[in-house]
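Residue-level listing of the chains:
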Amino acid sequence: MGVDQYHEPPEELSAETRTFARMCASLSEEAEAIGWYVQRISVEADEDARAIMEDSMGEEFKHFSMELEFLLRKTPKWREIAKGILFKDGDIVEHGEAAEETVG
């Protein structure tokens with residue numbers, strides 16, 4: 001079993017921290033898979049193949065979202081900052097700065 005997601009000795013980490021690290025790694029892997037599908041879909045000429053890839057990418061969106069929600073539930077400060085940024089119109093950077101200041 002790989003332990004590349006750990007930056008500290010795994011045996012010194014709590015079970016909760018190891019789970020958190022696994023979920024972070026999974027989130028990163030889902031984001032990478034989404035990027036791959038975007039590239040593949042953009043060059044695929046076969047309509048049926050593109051449709052299958054788009055369906056598969058939807059699964060990656062679902063997994064990414066579930067993993068993100070898990071991490072946000074486990075990290076209240078992250079969740080509060082995310083609430084100040086996500087699903088808002090306007091300048092993303094401004095929302096980020098305001099959310100960070102509000103949460104502190």
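Parameters at a glance
Residues numbered from 1 in each chain as written. Predicted model: local features only at pLDDT ≥ 70, side-chain atom pairs only at ≥ 80, totals over all residues. Heavy atoms only, no water. Helix = DSSP H or I, 4+ residues; strand = E, 2+ residues; numbered from the N terminus. Rg over C-alpha atoms; globule rule 2.2 N^0.38 Å. Buried < 20%, exposed > 50% of the residue type's maximum accessible area, 1.4 Å probe, protein only. Contact = heavy atoms within 4.5 Å. Expected span 1.5 Å × (residues − 1). Polar contact = N/O pair within 3.5 Å; in protein donor to acceptor, adjacent residues only side chain to side chain. Core = buried A, V, L, I, M, F, W, Y, C linked by side-chain atoms within 4.5 Å.

Engineer: Which residues make up the overall build of the chain, and what values do they have?
Structural biologist: A count of helices and strands for the chain gives four helices and zero strands. Each helix (α) and strand (β) of the chain, taken in turn from the N terminus, gives the series α-α-α-α. A compact globule built from 104 residues would reach a C-alpha radius of gyration of about 13 Å, whereas the chain, at 17 Å, exceeds it by more than 25%. Taken along the three principal axes of its C-alpha coordinates, the chain extends 50 × 45 × 20 Å. In the chain, which comprises 104 residues, the share counted as buried stands at 20%. In the chain, 37% of the contacts between residues at least 6 apart in sequence involve partners at least 24 apart.

Engineer: Go over helix α4 (residues 92-103), please, and point to the residues and values.
Structural biologist: In this model α4 runs 16 Å from its N-terminal to its C-terminal C-alpha over twelve residues, within 8% of the 16 Å that 1.5 Å per residue would give. Backbone nitrogen of V93 and a side-chain oxygen of the N-cap are separated by 2.9 Å at the start of α4; the cap is D91. Backbone geometry just after α4 places G104 at a positive phi near 75 degrees.

Engineer: Could you give me a rundown of the nonpolar core, with the residues and numbers involved?
Structural biologist: Among soluble globular proteins, nonpolar side chains are generally buried collectively. Within the largest apolar cluster, five residues are counted, these being I34, Y37, I41, M53 and M57. Of all the elements in the fold, those that place two or more residues in this core are α1 (15-43) and α2 (47-74). With three residues, α1 is the single largest residue contributor to this core.

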